[in-house]
Each structure stands twice: as C-alpha cells, then as structure tokens.
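Topology and contacts: notes
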Amino acid sequence: MADKTFLSWPFFDERHRALAAGIESWCATNLSSEHGGADSGARGDLDAACRNLVRQLGRDGWLAHTAPDPRRTATLDVRTLCLIREALARHDALADFAFAMQGLGAGPISLFGNAEQRHWLARTRKGKAIAAFALTEQQSGSDVASIAMTARRDGNGYVLDGEKTWISNGGIADLYVVFARSGEAPGAKGISAFIVAGDAAGFSVHERLDVISPHPLARIAFDRVRVPANAMIGGPGEGFKIAMATLDVFRATVAAAALGFARRALEETLKRARARRMFDGALADLQLVQGAIAEMALDIDAAALLVYRAAWAKDSGAARVTREAAMAKLFATERAQRVVDKAVQLHGGDGVRRGHIVERLYRDIRALRIYEGASEVQKVVIARQMLAGG
Ligand SMILES: Cc1cc2nc3c(=O)[nH]c(=O)nc-3n(C[C@H](O)[C@H](O)[C@H](O)COP(=O)(O)OP(=O)(O)OC[C@H]3O[C@@H](n4cnc5c(N)ncnc54)[C@H](O)[C@@H]3O)c2cc1C
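The text that follows walks through the structure, step by step, so that each part is easy to find. (Residues numbered from 1 in each chain as written. Predicted model: local features only at pLDDT ≥ 70, side-chain atom pairs only at ≥ 80, totals over all residues. Heavy atoms only, no water.)

Attention now goes to the nonpolar core. By size, the foremost hydrophobic cluster in this structure holds 122 residues, and its most contacted members are Leu-88, Phe-179, Val-307 and Tyr-308. It is helix H7 (residues 239-275) that provides the largest number of residues to this core, a total of 18 residues. (Core = buried A, V, L, I, M, F, W, Y, C linked by side-chain atoms within 4.5 Å. Buried < 20%, exposed > 50% of the residue type's maximum accessible area, 1.4 Å probe, protein only. Helix = DSSP H or I, 4+ residues; strand = E, 2+ residues; numbered from the N terminus.)

Structure follows, in structure tokens:
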C-alpha cells in the first residue's frame, strides 16, 4: 500500500483527500500494471488500449478535471491533476499518459480558448475526442522559439505548412493544437496557436515512432492545411506565450507522474526486501539495503513537497509558477529515476527481467526527464528566475 501520509499536508483540502481515495479505488478496479497495450508491441493494440483508457477515464468522470466546465468550476485545479496523475502512474503508465494528454492537448483551449473553441472541451472531458499538443519539430525541440512551420494568412483563414515530430497521440488524435510561425515578428513573438482537426484535408501521419515506454507517438505533416480564422487560439503572435503558460500549468503534473512511478518502485522494493531470504535473514535486515530504502523514501517525500508546493501555489492564484514548476519537474523526475534504479538493483536479476514491474518503471520514467523541457532546460529556467528576481 502506498504511503498516504502526505495527504494530511496543508497543501490539500478535504475534497482532495476524497478525490485521492476515489482515484485509488478506481485504479484498483479498472487498471492493471499487466496492461496488455503498453507492452504488446503491436501498434493496433496500443492505439486501441489508449482509446479505451480515454473512453473509460471520460466515462467515469476523471477527464472532467482536465478541462473544467466553466459552469461548474472556473479553473483547472492543479492539485487535483497531480493527485490523479500520481495514482494513475503508480498503476499504469499508459493510463497516466491517456489522462495527461487530454489535459495538455486541450490545455491551450482551456486556458485561452474562446466560447466557440471551447466546444471541443465538452468532447475531450468526456473522452469523446482525443487531444494532442503539437509544438516540437525536427530542428526545434528545446529551442522552441526556432520553430519553422508556417501559418500564412489567406482570405478569411490561414494555410498551415510544415512538419511536427514527437507528437503524443499523433495518429489517433481528433484535435491537434498546432504552433506555427505566423510572422508578426522574428523568434518567439511570431508564433500563433491553431486548432486543427485530425481529419483536416492535407493533414497526414508521416511516421509512427516507437519508444521504450510505448504510447501513440508520431511525426505528422501539414500540406496546405486550411483552417478558418477562428481556429487561432488567442491573438496573432501569442502562440509562444500560450505554449509556455500551458506548460507552466501542466509541468507540475509531469513531476506528479514521476512521483507515482517512484512510489510504486518503493512499494515493490519494500515487499521484496521483506520477502527475500538471504544470509539467514531477510534482504531488509541488511543495513546497506536499509540505507537505500531511506534514500528512496527521502527522495520521494522531498519530490512530493516540491510537486504539491507548485500545484498549491498555482491553485492559490499565482499568475505564473515558472520557478516552482521547474523545480518540481527537475527534482521529481531526476530523483524518480534514481529511486527506480535502486528498486531494480534490489530486485537482483528479476529487476531486469522484461515485463517485471520495476523493469517497466525503469523504462516508463526515462522520457519524463526529456519532454516538456529537459532537465537542463529546467535548470536554465530556475537560474533565470533567480537572477531576474533575486
Ligand atoms: C516520449 C516523448 C513524448 C513527447 N511528446 C510531445 C508532444 O506531445 N508534443 C510536443 O510538441 N513534443 C513532444 N515531445 C518532444 C519533447 O518535448 C522534446 O523531445 C524535448 O523538448 C527535447 O527536444 P529534442 O528531442 O529536439 O532534443 P534537443 O532539443 O536536441 O535537446 C537534446 C538534449 O540537449 C540538452 N539540452 C537542451 N537544452 C539545453 C540547454 N539549454 N543547456 C544544456 N543542455 C541542453 C538536453 O539534455 C536535451 O535532452 C515528446 C518527446 C518524447 C521523448
């Protein structure tokens, strides 16, 4: 059983504790770490598993938190998103992915969309439309402001041309929020954000990408894709600001997923250390093993403090939580990798056996240190914040 003592921290309200219990019991009933889709290797199975998870999460109301209905809740509650991601990640990386992308993909619309654009949210929060966030290009990953894809004004709309790569849900998404150079200024100030439907004429999937923790991922192409003027989210030239503000909100949730992986690794290690007999005792009796367990627990609690500080700060009305979110993401993902590595080590040969839970966690955690801003980028962000503000 995962440690739940953190729920008594002052970052949470009673509703968060109730939600944490609810998602835990939902995971226990609906998910299995033996999930076929994530490891099957067959792309059709993976796509079907992902679609199914989105449907289930929508059916049972969890996706409602990824894009709140303004008639009920005004804004995204980041603590809620983090608690849900933590629980899903502890049980099943693909379920966490399915949930996270509905939030990130629809994020620019939730945060900046107009009334007409927000109609998409009624579908994403019910799991009836799958969302994707298309920012990265082959030549511009960390250097986001250098994107080359173009959006040319044409009559009463725009024409999009170019390619995006590493796009999660690429190939199965119903809507893509796409960032393209609309030319108001060089660099970051000349980028706008557009909504493109997955069945738009001229849109295609060029290549599906296989990664060590599989989820639907693709290189996608736009060949004279025409969109109406109202497909633009925010104003011309506001795309970079929209992308960064969206990542600011969701970055802490990546850290929460890392925390979920780390907690699962510690749980598995505790079970193993108690059960494994050696040297006339248990693995847990060895003091070097106890030292490793103490370090794992410490990394997890310290990461949790940073994750929920960032989430609480955002929920408490901070306009931006750039420093807090960057610290949470950097620390939680790096330390989760360390925690999972210790879990693999303490499982001996079983730890590297394909399909073993800790072997899966070892693969699941890795990409989180790269996407939504690599660890080095988070360090630069933190340092800039410190140098600017003191
Ligand atoms: C599994 C996965 C899912 C993804 N999903 C999406 C998605 O849905 N949408 C989307 O738009 N993108 C997505 N991405 C892309 C992701 O955001 C980029 O991979 C990431 O931004 C890094 O860009 P890059 O791969 O081009 O690496 P590069 O930009 O080439 O960077 C390579 C490495 O250089 C180092 N580095 C970078 N900047 C600095 C710096 N300032 N100082 C020192 N070192 C530095 C880091 O170690 C970095 O990992 C995904 C990526 C992965 C792996």
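From this point on, the discussion continues.
All right, on to the packing of helix H4 (residues 78-91) against H7 then. Following both chains from N to C, one finds H4 and H7 inclined at 35 degrees, their axes separated by 7 Å at the closest point. For the crossing formed where H4 meets H7, the hand is right-handed. (Axes fitted to C-alpha atoms, helices over the stretch in contact; angles between N-to-C directions. Left-handed = near helix turned anticlockwise from the far one by under 90°.)

Bringing empty space enclosed by the protein into the picture now. Applying the stated criterion across every chain yields a total of 3 cavities of 30 Å³ or more. Every residue along the wall of the largest cavity is listed here: Lys-4, Phe-6, Leu-7, Ala-20, Ile-23, Glu-24, Leu-83, Glu-86, Ala-87 and Arg-90. The class makeup of the residues in the lining of the largest cavity is 6 nonpolar, no polar and 4 charged. Taken together, Arg-43, Leu-46, Arg-208, Leu-209, Asp-210, Val-211, Pro-214, His-215, Pro-216 and Leu-217 make up the full set of residues lining the second largest cavity. Here the lining of the second largest cavity is composed, by residue class, of 6 nonpolar, 1 polar and 3 charged. (1 Å grid on protein atoms, 1.4 Å probe; cavity = no way out; pocket = protein on both sides within 12 Å on 5 of 7 lines; lining within 4 Å. Points joined across faces, edges and corners; volume = space filled by probe spheres on them. Nonpolar A, V, L, I, M, F, W, Y, C, P; charged D, E, K, R; others polar.)

Further remarks concern the pairing of strand S4 (residues 175-181). A regular strand carries its side chains on alternate faces of the sheet. The buried fraction of S4 amounts to 7 of the 7 residues, a majority that puts the element mostly inside the structure. Relative to strand S5 (residues 191-197), S4 runs antiparallel, the two sharing 7 bridges. Paired with Phe-179 across the strands is Ala-193, a residue of S5. (Pairing = 2+ DSSP bridges.)

Bringing the side chain of Arg-90 into the picture now. Residue position: Arg-90 is located in helix H4. Arg-90 gets classed as buried once you look at its relative accessible area, which sits at 5%. At 2.9 Å, the side chain of Arg-90 and the side chain of Glu-24 are in polar contact. Not counting the four nearest positions on each side in its chain, Arg-90 is found in contact with Ala-2, Lys-4, Glu-24, Gly-260, Arg-263, Arg-264 and Glu-267. (Polar contact = N/O pair within 3.5 Å; in protein donor to acceptor, adjacent residues only side chain to side chain. Contact = heavy atoms within 4.5 Å.)

Time to look at the side chain of Gln-337. Inspection of the secondary structure puts Gln-337 in helix H9 (residues 322-346). In this structure, Gln-337 is in contact with Tyr-362, Ile-365, Arg-366 and Arg-369, ignoring residues within four places of it in sequence.

By the definition in use, this model includes 10 aromatic pairs. One aromatic cluster in this structure is built from Phe-6, Trp-9, Phe-11, Phe-12, Tyr-308 and Trp-312. One residue, Arg-263, lies across the ring of Phe-6, its end atom 4.2 Å from the ring centre. (Phe/Tyr/Trp six-rings, centres within 6.5 Å; stacked < 30°, edge-to-face > 60°. Lys NZ or Arg CZ within 6 Å of the ring centre and 35° of its normal.)

Quick look at the packing of H9 against helix H10 (residues 357-366) now. Packed helices, taken two at a time, are described by the angle their axes make and the gap between the axes. Two elements in contact, H9 and H10, have axes whose closest approach is 9 Å; the angle formed by their N-to-C orientations is 160 degrees. When the axis of H9 is compared with that of H10, the two are roughly antiparallel. In terms of crossing hand, the pair formed by H9 and H10 is left-handed. Across the interface between the two elements, Thr-333, Ala-336, Gln-337, Val-340, Asp-341, Ala-343 and Val-344 of H9 pack against Val-358, Leu-361, Tyr-362, Ile-365 and Arg-366 of H10. (Parallel < 35°, antiparallel > 145°, perpendicular 65-115°, else oblique.)

Glancing now at the environment of Val-227. Structurally, Val-227 is set in strand S7 (residues 217-228). The class of Val-227 is buried, set by a relative accessible area of 5%. Sequence-wise, Val-227 and Ala-197 are 30 residues apart; in three dimensions their C-alpha atoms are separated by 9.1 Å. Excluding residues that lie within four positions of it along the chain, Val-227 makes contacts with Gly-157, Tyr-158, Phe-194, Ile-195 and Val-196.

Inspection of the entire model under this criterion finds 27 salt bridges. Its salt-bridge partner being Arg-272, residue Asp-350 comes within 2.9 Å of it at the nearest N-O pair. Of this pair, Asp-350 sits in the loop between H9 and H10 while Arg-272 is found in helix H7, placing the two residues 78 residues apart along the sequence. For Arg-272, a relative accessible area of 18% translates into the label buried. For the salt bridge of Arg-363 with Glu-359, the shortest nitrogen-to-oxygen distance reads 2.6 Å. Of this pair, Arg-363 and Glu-359 are both found in helix H10, 4 residues apart, which corresponds to roughly one turn of the helix. Like Arg-363, the residue Glu-359 is buried in the burial classification. The structure contains a network of salt bridges with shared partners spanning Asp-13, Arg-15, Asp-77, Arg-79 and Asp-315. (Salt bridge = Lys/Arg side-chain N within 4 Å of Asp/Glu carboxyl O.)

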